[in-house]
Protein chains: 2
Amino acid sequence: MPYDATKMADWQIAEEAEKNMPTPDEWRERLGLEKDEVIPYGRICKLDFMKIIERLKDRPNGKYINVTAITPTPLGEGKTTTTIGLVEGLGKRGKNVGCAIRQPSGGPTFNIKGTAAGGGNALAIPMTEFSLGLTGDLNDIMNAHNLAMVALTARMQHERNYDDAELAKRNLRRLNIDPTRVEMGWTIDFCAQALRNIIIGIGGRMDGYMMQSKFQIAVSSELMAILAVANDLKDLRERIGKIIVAYDMKGNPVTTSDLEVAGAMTAFMRNTINPTLISTVEYQPVLVHAGPFANIAIGQSSIIADRIGLKMFDYHVTESGFAADIGFEKFWNVKCRMSGLVPNVSVIVATIRALKMHGGGPKVVPGRPIPEEYTRENLPLLEKGIENLVHHIGIVKKAGINPVVCINSFYTDTPEEIKLVRRLVEQAGARCAVSEHWLKGGEGALELADAVIDACNDPVDFKFLYPLEMPLRQRVEVIAKEVYGADGVVWTPEAEAKAKAIEENPAYRDFATMMVKTHLSLSHNPDAKGVPKGWVLPVRDVLIFAGAKFLCPMTGTISLMPGTSSDPAFRRIDVDVNTGKVIGLF
Amino acid sequence: MPYDATKMADWQIAEEAEKNMPTPDEWRERLGLEKDEVIPYGRICKLDFMKIIERLKDRPNGKYINVTAITPTPLGEGKTTTTIGLVEGLGKRGKNVGCAIRQPSGGPTFNIKGTAAGGGNALAIPMTEFSLGLTGDLNDIMNAHNLAMVALTARMQHERNYDDAELAKRNLRRLNIDPTRVEMGWTIDFCAQALRNIIIGIGGRMDGYMMQSKFQIAVSSELMAILAVANDLKDLRERIGKIIVAYDMKGNPVTTSDLEVAGAMTAFMRNTINPTLISTVEYQPVLVHAGPFANIAIGQSSIIADRIGLKMFDYHVTESGFAADIGFEKFWNVKCRMSGLVPNVSVIVATIRALKMHGGGPKVVPGRPIPEEYTRENLPLLEKGIENLVHHIGIVKKAGINPVVCINSFYTDTPEEIKLVRRLVEQAGARCAVSEHWLKGGEGALELADAVIDACNDPVDFKFLYPLEMPLRQRVEVIAKEVYGADGVVWTPEAEAKAKAIEENPAYRDFATMMVKTHLSLSHNPDAKGVPKGWVLPVRDVLIFAGAKFLCPMTGTISLMPGTSSDPAFRRIDVDVNTGKVIGLF
């Protein structure tokens with residue numbers, strides 16, 4: 001310890017570290033849990049949320065630390081790695097610490113992004129289980145989601161084939177579903193571009209109902225969005241029953257409850273409310289729960305995981321997806337509002353590489369060699385690019401909590417570059433720490449850990465950006481100006497009409513605003529780096545997720561089904577048939 | 001005990017019985033297993049096959065008891081219930097007993113058939129876990145299967161979009177897949193008739209490859225067929241790599257290995273080789289492993305489950321799907337040949353109801369009230385129908401093992417009817433026992449248990465129906481005449497040409513013959529009841545499953561995707577949000 005991350009692949013580090021990983025029984029003792037609160041699944045386990053939260057309800061919460069980032073390059077700047085590294089650093093300081101991260105999707109794991117388990121000496125283990133579905137939550141979501149589509153399409157077939165009298169014999173009323181207004185698609189947890197646009201129901205009278213349809217990746221399911229914000233099983237059941245599957249010929253919503261399938265869907269999802277417990281390579285606890293998209297959902301681990309983590313740990317670290325303008329804004333105004341929890345600190349992860357890109361460095365393209373500007377000292381590019389970081393510091397400060405900037409260190413960073421970032425960050429009124437967790441694990445993250453511990457002692461004046469009473473269009477305007485730095489918002493006529501109708505409908509009064517915007521820029525244009533000036537945010541549509549209770553103003557396209565590349569990761573994954581171990585994950 | 005099965009639904013009996021169900025730790029002690037041989041998953045567990053089979057390799061096998069049935073009504077005559085009941089009966093006699101059954105599919109569970117967990121006091125528990133995916137094997141199979149389709153369709157897109165030089169940069173050679181000869185479909189574990197025939201890849205250059213495609217139910221996947229016959233992880237990996245996904249433009253097979261996806265598929269399936277251990281309501285061990293279709297696969301639990309069961313139990317009961325002409329024939333000539341295991345006894349389950357149907361009783365239709373002939377004494381119908389049972393006795397005797405007929409008792413059966421069956425069964429040279437396990441559990445199955453114990457002491461002269469050297473067409477003729485009672489076989493020209501090519505190809509020399517025929521008649525015509533005479537078996541095609549190593553002569557249509565009915569079970573399934581318990585399963 002630490003492992004030589006310059007020579008070992010992540011799965012090889014994981015394999016070594018897993019040899020001494022705590023068993024479910026050992027976790028139970030270490031975390032002071034009761035026998036039936038730990039539910040083993042092979043060498044990992046789930047924690048019984050309802051039992052633990054009830055038993056610990058009077059215990060004060062630990063410190064609540066969010067990890068977010070500057071606007072990243074397409075390669076990502078290491079939020080998960082920093083989350084794990086920070087936990088390891090706090091562990092080295094003797095703190096009772098843990099974190100919550102998202103469950104990865106099979107899509108990226110088998111395509112090009114890898115498993116999102118962190119990396120190097122800041123890695124979550126066991127990596128095989130983490131990468132291949134953990135205890136099955138994603139499968140449960142996928143099955144529950146697809147069961148709704150089975151119910152819908154079978155119902156459409158039977159309503160076409162039977163008259164009202166035949167339907168009445170089965171105690172069914174005609175729903176009159178509009179085949180051109182089916183909102184929901186099917187799910188699969190891979191990047192399957194061939195299933196993005198499909199025609200189903202080809203054949204005859206008994207082969208469903210012919211219409212256009214689509215598949216989306218399982219993590220983009222509304223069920224996943226719901227799991228991330230549900231407070232308990234009762235809340236989960238209620239929200240599942242409100243999902244709008246389609247509209248009828250008169251334009252009324254047809255829900256999972258109308259299809260009489262919401263109970264069975266919940267039956268599939270009954271175990272998903274319990275977070276899974278895994279480990280860092282330095283053996284601190286890592287909660288994994290939910291893995292929602294960061295555009296149409298909150299893009300971070302669940303409220304349930306944070307509630308339980310804050311009761312069990314003195315320092316609970318939680319990661320929010322995408323950059324601070326997206327991930328932190330949702331953490332702040334949606335997740336914390338829904339949970340009632342108050343954060344102490346937000347760590348903003350930055351890399352010298354991404355800052356140089358914001359200063360005007362050449363385009364960074366996944367799969368291609370990184371241009372020289374990024375591997376050699378270049379203070380002018382860096383200084384210019386720091387404006388993006390300073391903007392994100394400002395966003396966090398607007399929430400009334402303490403920002404701590406973490407420079408996620410690369411071996412090509414020079415002392416002068418580091419010094420420059422430090423100076424400008426401190427000028428902007430934030431703490432700054434360099435962290436080498438990838439190379440050195442917790443020992444490399446001590447400076448970060450100390451900065452976070454220190455920041456946790458500062459007073460917090462947490463406040464939301466807007467009150468929930470504020471009408472939708474005004475909310476969007478506040479977010480666009482105050483968070484993104486836009487001059488204003490422009491709505492298409494269709495989007496504006498939809499927004500007006502939403503504002504007037506009391507059913508949507510407690511719905512959250514879930515912005516859909518690229519994370520590759522503060523603006524809606526992914527090519528606009530740094531801090532774009534003199535632009536307005538275009539809103540083209542507003543999606544409504546009635547189960548999750550989200551209103552999603554759309555400022556760009558979203559694909560709910562990524563594509564598998566020409567050189568996907570599955571080519572290199574295999575099983576050692578003598579040991580049963582999976583090799584080649586990264 | 002027993003529970004009042006006339007008043008309690010199966011899920012209610014299960015809920016009561018689950019209160020005292022052995023924990024994984026208790027099972028370990030009871031079965032004398034080592035600590036790391038039992039892998040807990042919540043309140044159920046998996047058994048580490050490789051470790052146990054290695055440790056017990058020198059222990060003599062227990063008695064090997066197969067459960068099959070006469071030609072059933074469409075309602076089924078209770079093979080699983082009898083399997084569980086027999087285990088309970090042998091348990092009451094103080095025997096060290098266990099069994100192996102198939103994992104049910106989500107399709108029937110959420111449609112009309114229910115969970116296939118047995119019923120009444122002959123029920124497998126915990127019913128919720130059993131009905132909703134156990135430890136995830138079916139999801140693992142579904143994901144592994146769909147990953148192959150992701151690999152195929154992405155490859156077809158990239159081969160269309162890139163020239164050879166671009167492909168070479170990624171170390172890919174052009175596979176030239178014929179879009180009209182894609183053999184494999186996608187899987188989902190529901191009855192989703194709307195996905196039977198679909199068009200995929202609609203959109204543009206980055207949206208896959210436009211072609212016809214299909215979904216099949218997960219249990220019909222070749223991966224499930226493979227899991228049921230694989231001997232170990234190494235065998236599983238090798239077979240997975242030989243699956244034919246499509247053919248190229250020259251007619252050569254394109255396999256999962258060609259797509260470089262077989263390793264990643266095996267990674268998904270790494271845990272599936274370990275059988276799951278659950279319980280009867282009287283707390284005997286029940287192994288659940290694999291759930292392959294009974295037409296294109298063996299339709300019964302796995303070789304792995306039987307190998308491990310025979311080492312752990314003195315009496316190991318295993319169920320084979322469908323009637324003896326299908327299920328037992330495959331058990332006998334395929335499963336036992338592949339495993340090298342020798343059975344002692346085959347229990348043939350019969351009901352008075354089904355026998356009357358074979359004697360000319362009116363049609364039995366699921367979901368409609370049962371005609372009066374079946375609920376009132378009718379000796380002439382019964383006597384005539386017993387010929388079907390006598391034929392099945394003859395099939396079992398051809399294998400050189402002992403048949404025991406079990407009359408699965410209904411409360412409408414009369415003493416005279418029972419007496420008649422007993423007399424004619426004994427005349428046919430088989431033991432006969434009446435069993436009331438549904439009503440009374442093990443106490444009700446003592447007569448059956450005693451008959452089986454007794455039969456296990458008889459000498460066995462086990463012999464296959466045909467040697468593996470026999471050419472395919474001759475094998476089919478032997479099966480048709482000796483097992484089904486046909487006068488001969490007639491091949492379509494296409495099927496005959498295919499059969500000839502197969503016979504001449506040394507690659508298929510060790511492939512099993514896996515007949516595809518309805519189980520609702522001894523013939524290929526489901527309406528021909530009793531023992532049809534004067535008919536020939538038509539073979540229309542021969543399917544080749546290169547991973548499973550099956551040749552499937554097709555004597556009828558097979559649907560690999562059932563449909564969801566107009567009154568499906570999911571309407572009545574829900575979760576009690578206070579306790580987390582699933583209600584409404586049956």
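Residues numbered from 1 in each chain as written. Chains lettered and ligands numbered in written order. Predicted model: local features only at pLDDT ≥ 70, side-chain atom pairs only at ≥ 80, totals over all residues. Heavy atoms only, no water.

Formally: UniProt positions are given in the numbering used here, feature names are shortened, and annotations may be inferred rather than shown by experiment.
The name an unreviewed UniProt entry gives chain A is Formate--tetrahydrofolate ligase, with Desulfofundulus salinus as the organism. Turning to chain A, the UniProt annotation filed under Catalytic activity (unreviewed entry) states: "(6S)-5,6,7,8-tetrahydrofolate + formate + ATP = (6R)-10-formyltetrahydrofolate + ADP + phosphate". Word for word, the UniProt comment on chain A under Sequence similarities (unreviewed entry) is "Belongs to the formate--tetrahydrofolate ligase family."

**Quick look at helix 7 (residues 137–161) of chain A**
This is how it is decided: Think of it this way: any DSSP run of H or I at least four residues long counts as a helix, any run of E at least two long counts as a strand, and we number them from the N terminus. Multiplying 1.5 Å by the helix residue count minus one yields the expected span of that helix. A simple rule labels every residue: compare its accessible area, found with a 1.4 Å probe on the protein chains alone, to the largest value its type can have, and call it buried under 20%, exposed over 50%, or partly exposed in between.
Taking 1.5 Å as the rise per residue, helix 7 of chain A with 25 residues should run 36 Å; its terminal C-alpha atoms sit 36 Å apart, in good agreement. With 24 of 25 residues buried, helix 7 of chain A is to be regarded as a mostly interior element.

**Notes on the UniProt feature "binding site: ATP" (unreviewed entry) in chain A**
Residues and elements named next belong to chain A. The residues that UniProt annotates with the feature "binding site: ATP" (unreviewed entry) are T73, P74, L75, G76, E77, G78, K79 and T80. Inspection of the secondary structure puts P74 in the loop between strand 3 (63–69) and helix 4 (79–92). When you line up the elements, T80 lands in helix 4. Taking the relative accessible area as the measure of exposure, T80 reaches 13% and is therefore buried.

**Side note on the pairing of strand 22 (residues 536–539) of chain A**
Residue and element names in this part refer to chain A. Put simply, the rule reads: Strand pairing follows a simple DSSP-based rule, namely that at least 2 bridges must link the two strands.
The side-chain alternation of strand 22 yields one buried face, formed by L537 and V539, and one unburied face, formed by V536 and P538. Summarising the sheet, strand 20 (residues 488–491) and strand 22 pair through four bridges and their orientation is parallel. Across the sheet, the residue bridging to V489 is L537, located in strand 22.

**Let's talk about the interface of chain B and chain A**
Rules: Contact definition: two residues touch when any of their heavy atoms are within 4.5 Å. Note on definitions: buried area is the accessible-area loss of two parts on being combined, 1.4 Å probe, summed for both. We define a salt bridge as a contact between a side-chain nitrogen of Lys or Arg and a carboxyl oxygen of Asp or Glu at a distance within 4 Å. Two N or O atoms count as a polar contact when they lie within 3.5 Å, although within protein this holds only if one can serve as hydrogen donor and the other as acceptor, and sequence-adjacent residues are included solely when both atoms are side-chain atoms.
Contact with chain B, which involves 68 residues of that partner, is made by 68 residues of chain A. When chain B packs against chain A, the two sides together hide about 5,900 Å² of surface, and 65% of this comes from carbon and sulfur. On the surface where chain B and chain A come into contact, there are six salt bridges. The partner of R571 of chain B in a salt bridge is E260 of chain A, with the nearest N and O atoms 2.8 Å apart. Remark: the boundary between chain B and chain A carries 33 residue pairs in polar contact (both at pLDDT 80 or more). Residue assignment for the side of chain B that touches chain A shows that the elements contributing at least two residues are strand 1 (38–41), helix 6 (127–131), helix 7 (137–161), strand 8 (186–188), strand 9 (198–200), helix 10 (233–240), helix 11 (262–268) and strand 25 (574–575) of chain B. The biggest single contributor to the side of chain B that touches chain A is helix 7 of chain B, with eleven residues.

**Overview of the domain arrangement of chain A**
All names here are of chain A. For clarity, the cut-off: Delimitation of the domains relies on an automatic or database domain assignment. The nonpolar class holds Ala, Val, Leu, Ile, Met, Phe, Trp, Tyr, Cys and Pro. Asp, Glu, Lys and Arg form the charged class, and all remaining residues, Gly among them, are polar.
Domain boundaries assigned for chain A yield domain 1 (10–135 + 272–456), domain 2 (137–262) and domain 3 (472–554). When each unit is reduced to the centre of its C-alpha atoms, the spacing between domain 1 and domain 2 is 35 Å. Where domain 1 abuts domain 2, roughly 2,000 Å² becomes buried across the two surfaces, and 65% of that area is made up of carbon and sulfur atoms. Linking domain 1 with domain 2 are one salt bridge. D137 is the salt-bridge partner of K46, the closest N and O atoms lying 2.8 Å from each other. Taken together, the links from domain 1 to domain 2 amount to six residue pairs in polar contact (both at pLDDT 80 or more). Secondary structure elements with two or more residues in the side of domain 1 that touches domain 2: helix 3 (49–55), helix 5 (106–110) and helix 12 (303–312). Its residues assigned to classes, the side of domain 1 that touches domain 2 comprises 15 nonpolar, 14 polar and two charged.

**Brief notes about the nonpolar core**
Put simply, the test is: By convention a nonpolar core is built from buried Ala, Val, Leu, Ile, Met, Phe, Trp, Tyr and Cys residues, the set being connected through side-chain atoms within 4.5 Å.
Of all hydrophobic cores here, the largest spans 284 residues; its most connected members are F550 of chain A together with V347 and F550 of chain B. Those residues within four positions of V347 of chain B in sequence are excluded, and the remaining contacts are I65, N66, V67, T68, L86, V404, C406, L448 and V452 of chain B.

**Considerations on the pairing of strand 23 (residues 541–545) of chain A**
Consecutive residues of a regular strand have side chains that alternate between opposite faces of the sheet. Residues and elements named next belong to chain A. Sheet topology places strand 23 next to strand 24 (residues 550–554); five bridges connect them, and they run antiparallel. Each bridged residue has a counterpart across the sheet, and for D541 the counterpart in strand 24 is M554. Linkage of strand 23 to strand 24, two consecutive antiparallel strands, is achieved through a turn of four residues, within which K549 is found at a positive phi near 65°.

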